Amino acid sequence: MQDPCQAREVLGIVGDKWALLIVRMLKDGPRRFTELKRAIDGISQRMLTVTLRDLERDGILTRTVHNVMPPHVSYELTTMGRTLREATAPLIEWSITHLPHIDAARAAYDNR
């Protein structure tokens, strides 16, 4: 039987905002590093690199080097990555839907 505390490893992925945004951006298929960088507002080049490496290590995505001139790299969700996308999509959609309400609640709290 698996130790339930080991789930924190997976929750670390699910709880990482950059990882979830990358998984969301890869929902429609492979994307290049530069496409991901442009699409994810606020992520630094270093953070994108580190997060992509972590997701590749965890089996969430694959990295493919294309032997063309100039060479480029693309990232794509694995089968497991697609199941993560399906599992977390409602959370991301909830976040987007409720962001104005959260902003308003924060402003009200800060103005007390």
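Provided above is the structure to which this section pertains.
Because the structure is predicted, anything quoted here is derived from the model rather than measured.

What follows covers the overall build of the protein chain. Counting its regular elements, the protein chain contains five helices and three strands. A globule of 112 residues ought to have a C-alpha radius of gyration of about 13 Å, yet the protein chain, at 17 Å, is considerably larger. In terms of its C-alpha atoms, the protein chain occupies a principal-axis envelope of roughly 60 × 45 × 25 Å. The burial tally for the protein chain puts 27% of its 112 residues in the buried class. Put simply, of all contacts in the protein chain between residues at least 6 apart along the chain, 46% involve residues at least 24 apart. Carbon and sulfur atoms make up 55% of the accessible area of the protein chain, which totals about 8200 Å². Here the protein chain holds 16 positive side-chain charges and 14 negative ones, and the gap between their average locations is 5 Å.

Let us now look at unusual backbone geometry. The step from M69 to P70 runs through a cis peptide bond, and the omega angle for that step is -10°. Within the secondary structure, P70 sits in the loop between β2 (61-66) and β3 (72-77).

To continue, consider the nonpolar core. Ranked by internal contacts, the top residues of the largest apolar core, which has 20 residues, are I22, L52 and Y75. Of all the elements, helix α2 (residues 17-25) adds the most residues to this core, at five residues.

Attention shifts here to the side chain of T78. Position of T78 relative to the elements: it lies in the loop between β3 and α5 (79-110). Other than its neighbours up to four places away in sequence, T78 contacts G59, I60, L61 and T62.

This next bit is on the environment of T78. Judged by relative accessible area, which is 17%, T78 ranks as buried. Separated by 71 residues in the primary sequence, T78 and A7 have C-alpha atoms spaced 20 Å apart. In terms of polar contacts, T78 uses its side chain to reach the backbone amide nitrogen of G81, at 3.0 Å.

Moving on, we get to the sheet that holds β3. Reading across the sheet, the three strands line up as β1-β3-β2 and stay open at both edges, with antiparallel pairing between neighbours. A single partner strand is all that each edge strand has here, and the edge strands are β1 (31-32) and β2.

Parameters at a glance
Residues numbered from 1 in each chain as written. Predicted model: local features only at pLDDT ≥ 70, side-chain atom pairs only at ≥ 80, totals over all residues. Heavy atoms only, no water. Helix = DSSP H or I, 4+ residues; strand = E, 2+ residues; numbered from the N terminus. Rg over C-alpha atoms; globule rule 2.2 N^0.38 Å. Buried < 20%, exposed > 50% of the residue type's maximum accessible area, 1.4 Å probe, protein only. Contact = heavy atoms within 4.5 Å. Areas by Shrake-Rupley, 256 points an atom, 1.4 Å probe, with all protein chains shown as cover. Lys, Arg positive; Asp, Glu negative; His and termini not counted. Charge placed at Lys NZ, Arg CZ, Asp CG, Glu CD. Core = buried A, V, L, I, M, F, W, Y, C linked by side-chain atoms within 4.5 Å. Polar contact = N/O pair within 3.5 Å; in protein donor to acceptor, adjacent residues only side chain to side chain. Pairing = 2+ DSSP bridges.

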